[in-house]
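Here is what each chain is made of, one letter per residue.
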Amino acid sequence: MKRSDVDSRSVAVVGMACRLPGASGADELWALLRSGSDVTSETPPERYDVDALFDPHPGPGRLASRRAGYVDAADFDAEFFGLSGAEAVELDPQQRLLLMTAWEALEDAGQRADQLAGSRAGVFVGNARADYLELALRQGPEAVTAAHLHNFRSLLAARLSHFYDLRGPSVVVDTACSSSLTAVHQAVQSLRARETPLALVAGVNIKIRPDEGLVMTAAGGMSADGRSRFGDAAADGHAPSDAVGVVVLKPLTAALADGDRIRAVIQGSAVGNDGRTSDSVLNSSLTGQLEVLRWAYEDAALDPAEVDYVEAHGSGSPSFDPLELTALGQVLGRGRPTNRPLLVGSVKTNIGHAEAAGGLAGLIKTVLCLEHGKVPASLHLSTPNPKVPWDRLPLAIPGALCKLPDRGRPAVAGVSAQGSSALNAHVVLRQADAPKSRVRDAKPGKPYVLPLSARTPAALDALARRYAEHLSPTGPGWAHSVRDICFSAATRRQHHEHRMAVVGATHEELVAALTGTPGAGGESELAAQYRRGEHVDWNKEFKRGGNYVPLPLYPWQTKRYWQGEGTTADDSDLTSWVLREHARTGFDDGSTLTEIGIDSLAKLRIVVELTKRSNHEVDPEEFGRLRTVGELREWTRALEAAAR
C-alpha cells in the first residue's frame, strides 16, 4: 500500500492528558519514566482500611498486598464545571477527573471546546468500575437518593458529551483490562467511517473498594508487594493502580489541513477474542494473541518485523507474561535481524496495573517514547522468566533508558492490551513527521497581543504566572516565536469571562508585562478591546494564519470533595448552608433558584437534608414553590423558628 493510501486511513493523536500515580500530566509522566521511578504506595485511609484486611499469609476475606498506584481523586474544580459543592461530593470521582482531564487534552490539542459544541464529535470511554455508586448503595435503603442516578457507568461518556455538547457516539467500553485500548480501536473505526470528525478517547479507573483485590487474592493472582514484575522470574501477579487518560484523535488528513500539532500517528489497530482457543474464558490464549497481532499489522499495511518497540500488556503474571512475549516474538520477530531485537516494556512496572485504563496509560507512554526517540527502563527485572524462550525470540526488555534505533524512517511502535473478557487489542503507531512551518514570522520584532482568560480572578492570576514561567529562558515556550505563541493563545484557546491582555515583541517583554514589572509592555486598542470582553476578530491581527504551538494548561482552582468528610464552613444558619452547598453561581436576594443551579432534583435533595438538619418535617410542595434567594432566606428562618 502506498504511503498516501496509508495516510488516508491513518488517525492523528493531536492531544493528550493524564492523571497517573506520580504524574498529573504527560510531561510529569515522562520525567518519572526517564528516572525509572516506582510510584506505587501504601493504600491511603480514605480509600479503605487496609490494616483491617491485609495479611502476609492471606486466607478467605484477606488482602495479599498493602500497596497500589494512587492518584488524588478528591480534588476538583466544581465551579469551573458549574457544579455546587453538594453535587461535587455526590458525583463519582471518575466523572470529575474525566471532566478536568478531557479539558486538558483538548487544550493540549488546541481544540476549543466552544467551537466543538454541537458537532458530531464522539466520546469513547474504557471503564470497568462503579465503586462510588456501589459503596453508597451498601449503606442501606435509607441512603439511596436520586443523586445516585448520576453515577451509573453509562454516564461516564455521557457526562463528557453533555458538558462539551458533543453529538456523536458516546460509549462506555468494558472488556476488562483491554477496555480503553478497545475504545481507541472503536474511535479509529468511527473516524475512518467519517461517522465523527474528532474523538475523545478516555480510560478511567479509580479504585475505592478492596473487593477486586480480595477476589484476586483468593485466586492467588495478587502481587504480594503491589509491584508488577513484567518478564521476571519472580513475577507474582496483579498490582492494581488508579489512572485517568484522555487522547484527542482526528483523521490524519484533517489534522494536517487544520495545522494541528501531531503527536503521533495511529496507522492501524485490531481487536479479537480468544474464542475457544483456550481451556477457560479467563485463561489467555496464544492463538488469540497471535491472530490480533497479525490483524493489526495487516490493517496498518506494515511488516511486523519493522516495529521498533512494543508497549506490552505486561501485567507481571507468571503465566500470562510468557504467552505474550512468545506471541510478540513469533509475529514481530519473524524476519527480524538478530542484532536488532524488538524492545518491549510495560508502564505497569512504574505505576501498577490500571486495569480498564491500562491500555490508554500504555498508549500515552508510547506516544512520549516516539516523541522523545527513547524507551525507558522496565522496572523490577532481575532474572528473566525461564518460561520464555529468550534464546529463540529476538526480544529485549530495556533495563535502562535507551534510544530508539535510527533507521532513516519514522519509528514504529505497538501497544497491546488483554482483558479477562478474553478480548485482545493492539494499536500500531508511528512517529509523526517533523512539523513544517505554515507561516513564517515576516516581521520579527513586531509587538503582538497575548490574550489570557479564566473563569475566576484567582485562576487568571495563576494562569499569568504559568505563562511567565513558560516564556522564561528555561521554559518550553522560549523555543517558539512570540507570534506563534500569541496566535495560539488567541485562536486555539477558549476565551472566558475574566481576561488579561499584554503586548510585547519579545519573550522578555511579555514576561515583564505578565509579572507586573513597572513600565513593561506596550498597549493597543486590540488588547483593550479584549480586556473589555468584546468580540475580537483575530484574523485581522494574524492575516496569514499561524503555527499552533503548545501553551500552559488551565490552572484548576480545586477544593476537596469526598463522601463522609465534614466541612469547616459555618453551618449555623440553614440559608447559608443551602446556598453554600447547592448554588453554582454568585447570587443576591433577587436571584432565582433556577438561575443559580438549584433545579427540581436539587430541591428534592435539599428537602431530605433539611429534614435531617432541622429535625422538622419539610413539605416538598411548599419548598418547591420558592422562587428566589430572598424567599428561601425567609422560609428557612421560619423553619428554624418552628424547629426550636
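Everything discussed here concerns the structure shown above.
Cut-offs applied
Residues numbered from 1 in each chain as written. Predicted model: local features only at pLDDT ≥ 70, side-chain atom pairs only at ≥ 80, totals over all residues. Heavy atoms only, no water. Salt bridge = Lys/Arg side-chain N within 4 Å of Asp/Glu carboxyl O. Helix = DSSP H or I, 4+ residues; strand = E, 2+ residues; numbered from the N terminus. Buried < 20%, exposed > 50% of the residue type's maximum accessible area, 1.4 Å probe, protein only. Patch = residues over 30% accessible without salt bridge, like charges linked within 9 Å, V, L, I, M, F, W, Y side chains within 5 Å. Areas by Shrake-Rupley, 256 points an atom, 1.4 Å probe, with all protein chains shown as cover. Lys, Arg positive; Asp, Glu negative; His and termini not counted. Charge placed at Lys NZ, Arg CZ, Asp CG, Glu CD. Polar contact = N/O pair within 3.5 Å; in protein donor to acceptor, adjacent residues only side chain to side chain. Core = buried A, V, L, I, M, F, W, Y, C linked by side-chain atoms within 4.5 Å. Contact = heavy atoms within 4.5 Å. Pairing = 2+ DSSP bridges. Axes fitted to C-alpha atoms, helices over the stretch in contact; angles between N-to-C directions. Parallel < 35°, antiparallel > 145°, perpendicular 65-115°, else oblique. Left-handed = near helix turned anticlockwise from the far one by under 90°. Nonpolar A, V, L, I, M, F, W, Y, C, P; charged D, E, K, R; others polar.

Chemist: Break down the pattern of salt bridges for me, citing the residues and quoting the values.
Modeler: Within the structure shown, the criterion is met by 37 salt bridges. Of the charged contacts in the structure, one is a salt bridge between Asp211 and Arg138, with a shortest N-O distance of 2.3 Å. Residue Asp211 is found in helix H10 (residues 211-218), and its partner Arg138 is found in the loop between helix H7 (131-137) and helix H8 (155-164); the two are separated by 73 residues along the sequence. Its relative accessible area of 22% is what places Asp211 among the partly exposed residues. A salt bridge links Asp308 to Arg409; the nearest nitrogen and oxygen atoms lie 2.7 Å apart.

Chemist: Any chance you could break down a positive patch on the surface for me, citing the residues and the numbers?
Modeler: A cluster of basic side chains, namely Lys443, Lys446, Lys540, Lys543 and Arg544, defines a positive patch on the protein surface. The class for Lys540 is exposed, based on a relative accessible area of 60%.

Chemist: Explain the side chain of His426 residue by residue, including any values.
Modeler: Counting through the fold element by element, His426 comes out in strand E16 (residues 423-430). When its relative accessible area of 1% is taken as the criterion, His426 is described as buried. In terms of polar contacts, His426 uses its side chain to reach the side chain of Ser416, at 2.7 Å.

Chemist: Quick one: what's the story with the nonpolar core, residue by residue and with numbers?
Modeler: Counting residues in each nonpolar core, the largest one holds 83 residues, and the members touching the most others are Phe76, Leu98, Val125, Tyr164, Leu450 and Leu514. Per-element tally for this core: the top contributor is helix H5 (residues 93-109), with nine residues. Once residues within four sequence positions are removed from consideration, Tyr164 is found in contact with Phe81, Leu99, Ala102, Trp103, Leu106, Ala113 and Ala117. Among the nonpolar cores identified, the runner-up in size contains 49 residues, and Leu181, Val201, Leu360 and Val375 belong to it.

Chemist: Break down the sheet that holds strand E1 (residues 11-19) for me, citing the residues and quoting the values.
Modeler: Hydrogen bonds between backbone atoms are what pair the strands of a sheet, whose relative direction is either parallel or antiparallel. Read from one edge to the other, the open sheet built from 11 strands follows the order E6-E5-E7-E8-E1-E9-E16-E15-E10-E11-E13, with strand pairing classed as mixed. The strands lining the two open edges of the sheet, one partner per strand, are strand E6 (170-173) and strand E13 (395-396). As judged from the three bridges shared by strand E10 (residues 309-311) and strand E11 (residues 342-345), these two strands associate in the parallel manner. Along E11, the bridge assignment pairs Val310 with Val344. Contacts from helix H12 (residues 286-299) reach strand E9 (264-273), strand E15 (412-418) and E16 within the one sheet, and its direction differs from that of E9 by about 145 degrees.

Chemist: Provide a residue-level description of the packing of H12 against helix H13 (residues 320-332), including the pertinent values.
Modeler: It is at 9 Å that the axes of H12 and H13 come closest, and there the two elements cross at 40 degrees. Taken together, the axes of H12 and H13 lie oblique to each other. Like other packed secondary-structure pairs, H12 and H13 cross with a definite hand, here right-handed. In contact with Leu286, Gln289, Leu290, Leu293, Arg294 and Tyr297 of H12, H13 contributes Leu323, Glu324, Thr326, Ala327, Leu328, Gln330, Val331 and Leu332. A class-by-class count of the residues in the contact of H12 with H13 yields nine nonpolar, three polar and two charged.

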